[in-house]
Amino acid sequence: MILRAADLPPGFVAVPNETGPYTNSDFVRDHGRASALKMRRWGRITGFSAVYRQRDPTKGSLPGVLAFGANVAVYRTVRGAAAALADPESGCRQKGFTVIPVAGHRAIGPGTLVCTKGAVIRRLRVRIFLVVWRNSRATGGVDVMAAEGAVTPVAALTGARKQDRRMTAELRD
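Residues numbered from 1 in each chain as written. Predicted model: local features only at pLDDT ≥ 70, side-chain atom pairs only at ≥ 80, totals over all residues. Heavy atoms only, no water.

### What to know about the pattern of salt bridges
Enumeration according to the criterion identifies 6 salt bridges in this entry. Across the salt bridge formed by D7 and R166, the nearest N and O atoms sit 2.9 Å from each other. With D7 in the segment before β1 (12–14) and R166 in helix α4 (residues 154–172), this pair connects stretches of sequence that are 159 residues apart. In this structure D7 comes out as buried when scored by relative accessible area, which is 13%. Overall, R166 belongs to the partly exposed group, its relative accessible area being 23%. (Salt bridge = Lys/Arg side-chain N within 4 Å of Asp/Glu carboxyl O. Helix = DSSP H or I, 4+ residues; strand = E, 2+ residues; numbered from the N terminus. Buried < 20%, exposed > 50% of the residue type's maximum accessible area, 1.4 Å probe, protein only.)

### Notes on the nonpolar core
Ranked by size, the top nonpolar core spans 26 residues in total, and within it V65, F68, V131, W133, V142, V144 and V151 carry the most contacts. Mapped onto this core, the elements with two or more residues apiece are β3 (44–54), β4 (65–75), β7 (124–135), β8 (138–147) and α4. Apart from residues lying up to four places away in sequence, V144 is in contact with V65, A67, F68, R127, I128, F129, V151, A155 and A156. (Core = buried A, V, L, I, M, F, W, Y, C linked by side-chain atoms within 4.5 Å. Contact = heavy atoms within 4.5 Å.)

Have a look at this one:
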């Protein structure tokens, strides 16, 4: 269900220690013990996350892009997935993110949000664009981290569309 390195322009490779299953135990470890209650209420079954870095962010196929991230979580019901996506402490609702309009682009799926935040990493000003959405009983997220001004939210939307096609195919089976 997840975006793959082959879905990205040439030169992106998976970061092995940040790519793989994202179990319920991982979720609780990263979000705190209080999240276990929410997770059970939502009926979260499991998830998967991946990070892809560009080998040469300066001269690569997407100059200025440092990394793409992707995640998916599967729930027992559509209602559970919708509740998880609407949680005020997740995705685009996290502190520091600003929701931005989809600006003429069609939504990926129900509940689609596009957001951004700036940061400084090793003295480099970066911009993160994040897209989150629901596809049936699963939620997806794709983010892109790039040097300030290198890309627009369209980079994350493009990756999200590719991942959503994979999610749709897997959820049909």
